[in-house]
Amino acid sequence: MKAITIFKAVTKNWIRSRSGLFFSILFPVLLLLVFGAIFSGVGGASKYDLFVQNLDVNAADGKPTDLSTTFVEALNSTETFAIKEVPPDENATEYAREALGPLGGNMRILIISEGFQDDLVNGTLKVRIGISYDTLNMSYWYFEPYMNDTQKIAFQQGLAQMQQYNATIPDTKSSLTIMLDQADQSAAMVKSIIVSVANAFNYQMIGAQNVINLNETSVTTKRFGTVDLYVPGITAAFIMTNGIIALAATATEFKRRGIIKRLSITPLTKIDWIIGNVLSQALLNLMLAAIMIGIGWLIFNVRVIPDANTIVMILLGSIMFSGIGMALSGFIKDVEAASAIGNAIAFPMMFLSGTYFPIEIMPEYLRTVSNALPLTYFSQGLKSAMLYKDPEGIYLNMAIVAVLAVVFIIVGALVTRWKSK
């Protein structure tokens, strides 16, 4: 088959190109390693630096009070923070700035106020007595018709004494001060964790128990790690860039060097040329997927296993993005322009298609744009095939990608200038 000749020539040209090898295989692998190192916890889970200044100390020995110490231990038990103690007599902001050094860093400071323990004890006692009073008061009104006068008087006196005692307890709340940098992207997360720990501390002090039991199950057939979730998206994104950017630049380079013009006088046809390029892209993309999954298995213990649907999606995606690349090369004569336009198309699509973060968090107008992007359906199809094993999601996205593949290949064939004039 004549298309095999084109396939061999294009593939050899790619293998000999160091830049092509880097951007087609090595760059996606490096990106996976970066994401994996950040999110997998390999080499130790990352923690947020948190400076804690405990101003609630005992007057006798100058040591932190028991409850303030317990609260710091509760923060530490989350295994989220790398806690750095700030001496009580230091200015917390200046101390943290000096500790971070000349290169700086995100300044996160938690100050436990003076009197934390006393306020916590008084507040807890006031809440507990208030709850007891409300409970006994409800009981009194329920059983009052069945009581004699002596019992009623005793009950009322007890309620009155409880109410009087509760009024003597100071109406204060323990104070925590959180100091965060507005430029810190992790500020909201850090604040949320501290608030959650404080709420849990409050519930434990007043003896509250959870009455809602939360059961967690997975929508996937297996329980995947964070890195597993990135493998399909990164693979899809770089299959797209290989087709749109690399193929458009390569085909344009062949045109500039006169190779296309020389091929036009051979028995090769335009269909052979297109099929050869598509086959080369399909092989490259299957290699890319295999390498990405293999590295994930070896380094990050990913559980993603490709199946027949995955292979079909990769082949259809290769055809679809090859069609876009061929269409671009048909319109553009300059290699630099082909690379620039390819990047202008590919990179916004990479970030707007749900590859790296959910489409749901985007504004409504960007969601509309996302729903019009080919990569959205290709990426969702790969995720459905690799992770969710959802037949409806697989075959719906597969059908959309297949239709787009046919459309773009036809467009690519129509605009490709094959015969010399």
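As the structure is a prediction and not an experimental result, all values here were calculated from the model. (Residues numbered from 1 in each chain as written. Predicted model: local features only at pLDDT ≥ 70, side-chain atom pairs only at ≥ 80, totals over all residues. Heavy atoms only, no water.)

### Considering the overall build of the chain
The criterion, for reference: Working definition: helices are DSSP H or I runs of at least four residues, strands are E runs of at least two. Numbering for both runs from the N terminus. Remark: exposure states derive from per-residue accessible area (1.4 Å probe, protein chains only) relative to the maximum for the residue type, with buried under 20%, exposed over 50%, and partly exposed in between. Contact criterion: two residues are considered in contact whenever any of their non-hydrogen atoms come within 4.5 Å of each other. The protein chains shown are the only cover counted for residues, whose accessible areas, like all others here, come from Shrake-Rupley with a 1.4 Å probe.
Along its length, the chain carries 15 helices and 4 strands. Within the chain, the proportion of its 421 residues that are buried is 42%. Long-range pairs, those at least 24 residues apart, make up 80% of the contacts in the chain between residues at least 6 apart in sequence. A total of about 23700 Å² of accessible surface is found on the chain, and carbon and sulfur atoms cover 60% of it.

### As for helix H11 (residues 308-331)
We apply this condition: Helix span is expected to be 1.5 Å times the residue number reduced by one.
Taking 1.5 Å of rise per residue, the 24 residues of H11 would be expected to cover 34 Å, and the 35 Å separating its terminal C-alpha atoms lies within 8% of that figure. Most of H11 is tucked away: 18 of the 24 residues are buried.

### Observations regarding a nonpolar patch on the surface
Under the convention used in this document: Like charges within 9 Å and nonpolar side chains (Val, Leu, Ile, Met, Phe, Trp, Tyr) within 5 Å are joined into patches, using only residues over 30% in relative accessible area that form no salt bridge. Should a side-chain nitrogen of Lys or Arg be within 4 Å of a carboxyl oxygen of Asp or Glu, the pair is scored as a salt bridge.
A surface patch of nonpolar side chains, amounting to about 450 Å² of accessible area, comprises Trp297, Leu298, Ile299 and Ile305. Looking at where Leu298 falls in the secondary structure, it is placed in helix H10 (residues 270-300). In this structure Leu298 comes out as exposed when scored by relative accessible area, which is 76%.

### Thoughts on the sheet that holds strand S2 (residues 81-86)
So the rule is basically this: Only strands joined by at least two bridges in the DSSP assignment are considered to pair. Axis definition: a line fitted to C-alpha atoms, limited for helices to the stretch in contact. Angles are taken between N-to-C directions and run from 0 to 180 degrees.
Here 4 strands make up an open sheet; going across it, the order is S2-S1-S3-S4 and the pairing mixed. Unpaired on one side and paired on the other, S2 and strand S4 (176-180) mark the two borders of the sheet. Within the sheet, the average angular offset between the axes of one strand and its neighbour, ignoring direction, is 25 degrees. Relative to strand S3 (residues 108-112), strand S1 (residues 48-54) runs parallel, the two sharing 4 bridges.

### Comments concerning the environment of Gln204
Here Gln204 is to be found in helix H7 (residues 187-205). Placed 80 residues apart in sequence, Gln204 and Thr124 show a C-alpha to C-alpha distance of 9.8 Å.

### Description of the packing of aromatic side chains
What counts is decided by this rule: Classification of ring pairs rests on two measures: the distance between centres of Phe, Tyr or Trp rings, Trp counted by its six-membered ring, which must be within 6.5 Å, and the angle between planes, read as stacked under 30 degrees, edge-to-face over 60 and tilted in between.
Per the counting criterion, the structure on display carries 6 aromatic pairs. With a centroid separation of 5.4 Å and an interplanar angle of 85 degrees, the aromatic rings of Phe71 and Phe201 are classed as edge-to-face. Taken together, the positions of Phe71 in helix H3 (residues 66-77) and Phe201 in helix H7 put the pair 130 residues apart, joining distant regions of the chain. On the basis of relative accessibility, which here comes to 8%, the residue Phe201 falls in the buried class. Where Tyr142 meets Phe143, the ring centres are 4.9 Å apart and the plane angle is 85 degrees; that geometry is what we call edge-to-face. The exposure class assigned to Tyr142 is exposed, which follows from its relative accessible area of 59%.

### Digging into the packing of H11 against helix H14 (residues 374-388)
Here is the rule: Just so you know how the angles are binned, under 35 degrees is roughly parallel, over 145 roughly antiparallel, 65 to 115 roughly perpendicular, and the rest oblique. Left-handed is the label given to a crossing in which the near helix is rotated counterclockwise from the far helix by less than a right angle, and right-handed is the label when the rotation is clockwise. Amino acids outside the nonpolar list (Ala, Val, Leu, Ile, Met, Phe, Trp, Tyr, Cys, Pro) and the charged list (Asp, Glu, Lys, Arg) are all regarded as polar, and Gly is one of them.
Following both chains from N to C, one finds H11 and H14 inclined at 165 degrees, their axes separated by 9 Å at the closest point. Considering the angle they form, H11 stands roughly antiparallel to H14. Classified by chirality, the crossing of H14 by H11 is left-handed. Across from Asn309, Thr310, Met313, Ile314, Gly317, Met320 and Phe321 in H11, the residues of H14 making contact are Pro374, Leu375, Tyr377, Phe378, Gly381, Leu382, Ala385 and Met386. Grouping the constituent residues of the contact of H11 with H14 by class yields 11 nonpolar, 4 polar and no charged.

### A few points about the packing of H11 against helix H15 (residues 391-415)
Two quantities define a packed helix pair, namely the angle between the helix axes and the distance between the axes. Two elements in contact, H11 and H15, have axes whose closest approach is 7 Å; the angle formed by their N-to-C orientations is 25 degrees. Viewed along their axes, H11 and H15 adopt a mutual orientation that is roughly parallel. In the packing of H11 onto H15, the handedness of the crossing is left-handed. Broken down by class, the residue content of the contact of H11 with H15 amounts to 20 nonpolar, 5 polar and no charged.

### Regarding the nonpolar core
Generally speaking, nonpolar side chains in soluble globular proteins are found buried as a group. Going by this rule: Only buried residues count toward a nonpolar core, which is a set of Ala, Val, Leu, Ile, Met, Phe, Trp, Tyr and Cys residues joined through side-chain atoms within 4.5 Å.
Residues Ile234, Met240, Ile244, Phe321, Tyr356 and Phe378 are the most contacted members of the largest nonpolar core, which totals 50 residues. Those elements giving two or more residues to this core turn out to be helix H2 (18-39), helix H8 (226-256), H10, H11, helix H12 (335-352), H14 and H15. In terms of residue count, the dominant contributor to this core is H8 (12 residues). Sequence-distant contacts of Phe321, that is, excluding residues within four places in its chain, are made with Ile239, Met240, Gly243, Ile244, Met349, Pro374, Leu375 and Phe378. Counting residues in each nonpolar core, the second largest holds 17 residues, with Val52, Leu67, Ile193 and Val197 among its members.

### Concerning the pairing of S2
Under the convention used in this document: Looking down the strands as they point away from you, a crossover is right-handed if its path from the first strand over the helix to the second goes clockwise.
Where S1 and S2 come together, 6 bridges link them in parallel fashion. Among the inter-strand pairings, Phe51 is bridged to a residue of S2, identified as Lys84. Of the crossover connections in this fold, the one passing from S1 over H3 to the parallel S2 is right-handed.

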